Amino acid sequence: MAQPRFRAEDASHLVIKPLDDLSLIYHRRSGTTHVVASPVPEMLGVMGGDPLGVEEILERLSQRFELGNETESLIPVVAARLEELAALGLVERL
Amino acid sequence: MQGLSLQIGPASFRIASAWREPVEQLERLYAAYPKPESGIADFTVRLEPARPWRRWVRPSVAICGDYMLPDAAPLPLAQGLLAAEMGMNLQMALGWRRHALLHASCVERDGRALVMTGASGSGKSTLAAMLGERGWRLMGDEFALLDLATGDVFAFPRLISLKNGAIGVMEGEAKPVRFGPLMQATPKGDIRHLVPRPEAVARMSEGAMPALLLFPRFGHEAAVRSVGKSESFVRLTQASTNYVALGEAGFAALSRFVDEVPAQAIDYGSGEEAMALVEQLWSAAA
């Protein structure tokens, strides 16, 4: 089965405000506020407007952040966050 | 109907009543407050008989106005002043859009504001009342109004609503002439209103830059805990009645507030203990 692909909400619809361990995301289209933890803001930051699978997102994250040897173990984490973000309307499941 | 008009901070009210008593009490307690600047009130509150005959027979006051809660229980006439105050609060909570409205008390010193928020019974109102007698300007015991553009806090210094144990505490701090009638066994327990000091009324249009946010909790051993920005944000959104209605402007104002203003949770067992903690934390935040 083909890996699911996701596209992030257009950046112009999101206001991301890092606070402490958590960040706030204000979604202009729904008017809702989300409180999220890492790696969600980082994921949205690297996705741009491109349709991407989990491994492609991790590849982009590893180019920008030092993930060390943890890349493999992050696959289920990123996949789970993508499903949650899709449920919130912050990414689209293609 | 008889009535009066009042300006409280940036908001103005027209209060009309089927009975004379609540109007007379409001006229006495709000004597130092100005009339609405424009002559037209932002909100109307009406105290009406719950049923036509309840004007005379066991008089029963229903709180009506521009914004109403359909299932709000009417109050006996002896609690008419409380009905008027609840009616004004309701208009603000449901109708005010010019500021982010925080369910919080607020006092000011040296142009900087201390904002206190917490659940009912946390003591935020009592602490603001005590500070208001001890060199701080009381800005409000119920609502703090956060300017959406500048981030300054504005005052809503209505009568201070003292409940239960706080009544005796404040009777020891302020002269009897500044108190309203003692209303016993209201839906909120015993209530007595206190008129803020003249400075709080004279300077009620002056804003202040928020400098410290406290989450007080009464009835516990004295303790202080730093509160993170994201926890403060979540608690403030819960304490704001118009956060969702304001949309992105509300998000910008509250996220800026928690980013710039240090926050502490304080537990305390007595008013004096709280006063000492507040002064200590205020000095550290300065």
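K.L.:
Break down the sheet that holds strand β11 (residues 153–154) of chain B for me, with residues and values.
P.N.:
Residues and elements named next belong to chain B. Pairing is antiparallel across the open sheet formed by three strands, whose spatial order is β6-β10-β11. The outermost strands of the open sheet, each flanked by one partner alone, are β6 (99–103) and β11. The pairing of β6 with strand β10 (residues 143–147) spans five bridges and is antiparallel. Its bridge partner being in β10, Leu-101 is matched across the sheet by Leu-145.

K.L.:
Tell me what's going on with the packing of helix α6 (residues 229–239) of chain B against helix α8 (residues 248–260) of chain B, and back it up with residues and numbers.
P.N.:
Residues and elements named next belong to chain B. Running from N to C, α6 and α8 cross one another at 140 degrees; their axes reach a closest spacing of 9 Å. Compared by their axis directions, α6 and α8 come out oblique. Where α6 crosses over α8, the two elements pack in a sense that is right-handed. For the pair α6 and α8, the contacting residues are Lys-229, Ser-232, Phe-233, Leu-236 and Thr-237 in the first and Leu-254, Ser-255, Phe-257, Val-258 and Asp-259 in the second. Among the residues forming the contact of α6 with α8, the class breakdown is five nonpolar, three polar and two charged.

K.L.:
How would you sum up the domain arrangement of chain B? Please name residues and give values.
P.N.:
Residues and elements named next belong to chain B. In terms of domain boundaries, chain B breaks down into domain 1 (2–95) and domain 2 (99–285). Inter-centroid distance (C-alpha atoms) of domain 1 to domain 2 is 24 Å. Those elements giving two or more residues to the side of domain 1 that touches domain 2 turn out to be α1 (20–29) and α2 (80–95). By residue number, the principal contributor to the side of domain 1 that touches domain 2 is α2, which donates seven residues. Each residue belonging to the side of domain 1 that touches domain 2 can be placed in one class, and the counts come to 13 nonpolar, four polar and one charged.

K.L.:
Can you break down the sheet that holds strand β14 (residues 189–194) of chain B residue by residue, with the values?
P.N.:
Residue and element names in this part refer to chain B. Here three strands make up an open sheet; going across it, the order is β12-β14-β13 and the pairing antiparallel. Of all the strands in the sheet, the pair left with one neighbour each is β12 (160–163) and β13 (183–186). In this sheet, neighbouring strand axes are inclined to one another by 35 degrees on average, regardless of whether the strands run parallel or antiparallel. Bridge count between β12 and β14: four bridges; the pairing is antiparallel. Within β14, the residue paired with Ser-161 across the bridge is His-193. Those strands touched by α2 are β12, β13 and β14, and its axis lies near 75 degrees from that of β14.

Procedures and definitions
- Residues numbered from 1 in each chain as written.
- Chains lettered and ligands numbered in written order.
- Predicted model: local features only at pLDDT ≥ 70, side-chain atom pairs only at ≥ 80, totals over all residues.
- Pairing = 2+ DSSP bridges.
- Helix = DSSP H or I, 4+ residues; strand = E, 2+ residues; numbered from the N terminus.
- Axes fitted to C-alpha atoms, helices over the stretch in contact; angles between N-to-C directions.
- Parallel < 35°, antiparallel > 145°, perpendicular 65-115°, else oblique.
- Left-handed = near helix turned anticlockwise from the far one by under 90°.
- Contact = placed C-beta atoms within 7 Å.
- Nonpolar A, V, L, I, M, F, W, Y, C, P; charged D, E, K, R; others polar.
- Domains from an automatic or database assignment.

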